[in-house]
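What follows is the residue order along each chain.
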Amino acid sequence: MFDVLTYLFEQYSDPAAFGDRSALTRQLNAVGFEDDDIGEALDWLDSVSEASVEPYLGADEGSGLRVYADSELEYLPADVRGLIQFLEDNDALSPAQREMVIDRLLELDVEDLDVDTAKLLVLMMLWAQQAELPILLGEALLEAVHGEPTMQ
C-alpha cells in the first residue's frame, strides 16, 4: 500500500487530479502495482480525505494534554509518539489530525510500525487533505519518501 501511496505522491501534486478511480487503477496496474495494493491505497486515501476529518473535529476544540491509553502505549513505540507530539507542537498537525494519525497507526501491523512509516503516513495524510506544512517539517517528512532530506 505504501509503495502505491508514495508513487501517487510523487506523480500528483494534488490528489483531486486523480480523476476516475477505474482509470487510475488501470494506470497503476500498467506501472506494475497489484490490484490488492491499489485498492487498499485508494481506500486509505478516501479514509483520510478532508471529508473524513469531521468525526475528529471535537479534538480541535479541546485544550488539554493528550494522554495515551495503555493499549496505545503498548502498541505505539515511544519514538513514534514523540514524532506525533513534535509535529503537533510545531503546528504540522492539528489535534484532529493527530487523532487521525493515531487511529491509522493503530491499524498497521506491529512489524510495520516505526518512525519512517509514521512519517510517511503523516505526509500522505496531509497531502491527501491538501494541508499546508511548514517547509522544514515537510522536508523532514519527505525523508520517509526519499530516504534523506533534500535541504541542508
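Just above, that's the structure.
Residues numbered from 1 in each chain as written. Predicted model: local features only at pLDDT ≥ 70, side-chain atom pairs only at ≥ 80, totals over all residues. Heavy atoms only, no water.

Participant: Which parts of the structure should I look at to understand a negative patch on the surface?
Facilitator: On the surface, D3, E34, D35, D36, D37 and E40 cluster together into a negatively charged patch. The element best represented in the negative patch is helix α3 (residues 35-47), accounting for four residues. Looking at the element boundaries, D36 is found in helix α3. The exposed category is assigned to D36, whose relative accessible area is 66%. (Patch = residues over 30% accessible without salt bridge, like charges linked within 9 Å, V, L, I, M, F, W, Y side chains within 5 Å. Areas by Shrake-Rupley, 256 points an atom, 1.4 Å probe, with all protein chains shown as cover. Salt bridge = Lys/Arg side-chain N within 4 Å of Asp/Glu carboxyl O. Lys, Arg positive; Asp, Glu negative; His and termini not counted. Charge placed at Lys NZ, Arg CZ, Asp CG, Glu CD. Helix = DSSP H or I, 4+ residues; strand = E, 2+ residues; numbered from the N terminus. Buried < 20%, exposed > 50% of the residue type's maximum accessible area, 1.4 Å probe, protein only.)

Participant: Help me out: how do you make sense of the packing of aromatic side chains in this one?
Facilitator: We describe a pair of aromatic rings using the distance from one ring centre to the other and the angle between the two ring planes. Across all of its chains, the model carries two aromatic pairs by this definition. Ring geometry for F9 versus W127: centroids 5.7 Å apart, planes at 80°, classification edge-to-face. One end of the pair, F9, is in helix α1 (residues 2-11); the other, W127, is in helix α8 (residues 115-128), with 118 residues separating them in the sequence. Across from the ring centre of Y68, 4.7 Å away, lies the NZ or CZ of R66, which sits over that ring. A cation over an aromatic ring shows up here: R81 above the ring of Y68, its NZ or CZ 5.9 Å from the ring centre. (Phe/Tyr/Trp six-rings, centres within 6.5 Å; stacked < 30°, edge-to-face > 60°. Lys NZ or Arg CZ within 6 Å of the ring centre and 35° of its normal.)

Participant: Would you mind showing me how to read the side chain of T6 here?
Facilitator: Within the secondary structure, T6 sits in helix α1. A distance of 2.8 Å separates the side chain of T6 from the backbone oxygen of F2, its partner in a polar contact. (Polar contact = N/O pair within 3.5 Å; in protein donor to acceptor, adjacent residues only side chain to side chain.)

Participant: Looking at this structure, how should I read the nonpolar core?
Facilitator: For soluble globular proteins, the rule of thumb is that nonpolar side chains tend to be buried together. Counting 45 residues, the largest nonpolar core has L8, W44, L45 and L105 as its most contacted members. Listed by contribution, the elements that provide at least two residues to this core are α1, α2 (21-31), α3, α6 (78-89), α7 (95-106) and α8. Residues lining this core come from more than one domain, with at least three contributed by each of domain 1 (1-50) and domain 2 (55-151). Apart from residues lying up to four places away in sequence, L45 is in contact with L5, L8, F18, W127 and A128. (Core = buried A, V, L, I, M, F, W, Y, C linked by side-chain atoms within 4.5 Å. Domains from an automatic or database assignment. Contact = heavy atoms within 4.5 Å.)

Participant: Teacher, can you tell me more about α8 here?
Facilitator: Since the α-helix advances by 3.6 residues per turn, residues separated by three or four positions end up pointing in the same direction. The terminal C-alpha atoms of α8, which comprises 14 residues, lie 20 Å apart, in line with the 20 Å expected from a rise of 1.5 Å per residue. In terms of residue burial, α8 counts as a mostly covered element, since 12 of its 14 residues are buried. Every buried residue belonging to α8 is among T117, A118, K119, L120, L121, V122, L123, M124, M125, L126, W127 and A128, and all of these are buried. The opening residue of α8, the one whose side-chain oxygen lies 3.3 Å from the backbone nitrogen of D116, is D114. Looking at the residues trailing α8, positive phi occurs at Q130, about 55°. (Expected span 1.5 Å × (residues − 1).)

Participant: Which parts of the structure should I look at to understand the environment of R104?
Facilitator: One can find R104 in helix α7. The exposure class assigned to R104 is buried, which follows from its relative accessible area of 7%. As for R104 and S47, which are separated by 57 residues in sequence, their C-alpha atoms are 9.4 Å apart. Excluding residues that lie within four positions of it along the chain, R104 makes contacts with W44, S47, V48, Y56 and L121.

Participant: How should the packing of α6 against α8 be read in this particular structure?
Facilitator: For any two helices packed against each other, one specifies the crossing angle of their axes together with the interaxial distance. At a minimum axis distance of 9 Å, the contact between α6 and α8 shows a crossing angle of 35°. Seen along the crossing, α6 lies across α8 with a hand that is right-handed. Between α6, through D79, V80, L83 and L87, and α8, the contact on the second element is made entirely by V115, A118, K119 and V122. (Axes fitted to C-alpha atoms, helices over the stretch in contact; angles between N-to-C directions. Left-handed = near helix turned anticlockwise from the far one by under 90°.)

Read these as geometric descriptors, not functional statements.
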